[in-house]
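Chain and residue survey
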Amino acid sequence: MSEVDGARLFREGWIAGVRRHFPGEPKAGYVTPWEGTPEWEREAAGAVCAQVRQFVEVSAGKAGRLSREQKGRFVATCWTAQMYKHFEEPKPGYVADWSELPEWQRETDADIFEAIERHFPPS
């Protein structure tokens, strides 16, 4: 699978998670399809997907034993690093610590980890 395919998997996981966990109607930008996703966000999604894949692989699949919170924290931390890569002064919400993220976003991040984990089982 290419990095673009991984980025799409991440984006699709994000949209599904937002639709599942967001209270009420999410902002349009939260559920923008791949075709409307900005290039920086596509690159960041691909990078985070690759990091999760590698993490699952180097743990010989034992990352599956992590709690949902640990999985979500990993995705959130990887995403934060990408925001610092792509923006000199990222919006505070882009780099908020785990404890500051809304519940829907924490659940969505855990969903993303688990979607990647299912899609790329360790060899």
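This report concerns the structure included in the present document. In this text the structure is predicted, and so the values were computed from the model without any measurement.

Definitions and cut-offs
Residues numbered from 1 in each chain as written. Predicted model: local features only at pLDDT ≥ 70, side-chain atom pairs only at ≥ 80, totals over all residues. Heavy atoms only, no water. Helix = DSSP H or I, 4+ residues; strand = E, 2+ residues; numbered from the N terminus. Rg over C-alpha atoms; globule rule 2.2 N^0.38 Å. Buried < 20%, exposed > 50% of the residue type's maximum accessible area, 1.4 Å probe, protein only. Contact = heavy atoms within 4.5 Å. Areas by Shrake-Rupley, 256 points an atom, 1.4 Å probe, with all protein chains shown as cover. Lys, Arg positive; Asp, Glu negative; His and termini not counted. Charge placed at Lys NZ, Arg CZ, Asp CG, Glu CD.

**Things to note about the overall build of the chain**
Counting its secondary structure elements, the chain contains four helices and zero strands. Scanning the chain from its N terminus toward the C terminus, one meets helices and strands in the order α-α-α-α. Taking 14 Å as the expected radius of gyration for a compact globule of 123 residues, we find that the chain reaches 14 Å, a close match to that expectation. Of all 123 residues assigned to the chain, the portion counted as buried reaches 43%. Intrachain contacts of the chain at a sequence separation of at least 6 include 71% that bridge at least 24 residues. Here the chain displays about 7,000 Å² of accessible surface, and carbon together with sulfur accounts for 52% of that area. Averaging the coordinates of the 16 positive side-chain charges in the chain and doing the same for the 20 negative ones gives two points 4 Å apart.

**Considering the side chain of K71**
Within the fold, K71 resides in helix α3 (residues 68–86). Contacts of K71, omitting those with residues within four sequence positions, involve A63, G64, L66, F113, E114 and E117.

**Some words on the environment of V18**
Tracing the backbone through its elements, the reader meets V18 in helix α1 (residues 3–21). Once the C-alpha coordinates of V18 and V52 are considered, the two residues, 34 residues apart in sequence, prove to be 19 Å apart. Among all residues touching V18, those that are not within four sequence positions of it are P26, Y30, V31, W104 and T108.

Take it as geometry only, folks, not as evidence of what the structure does.
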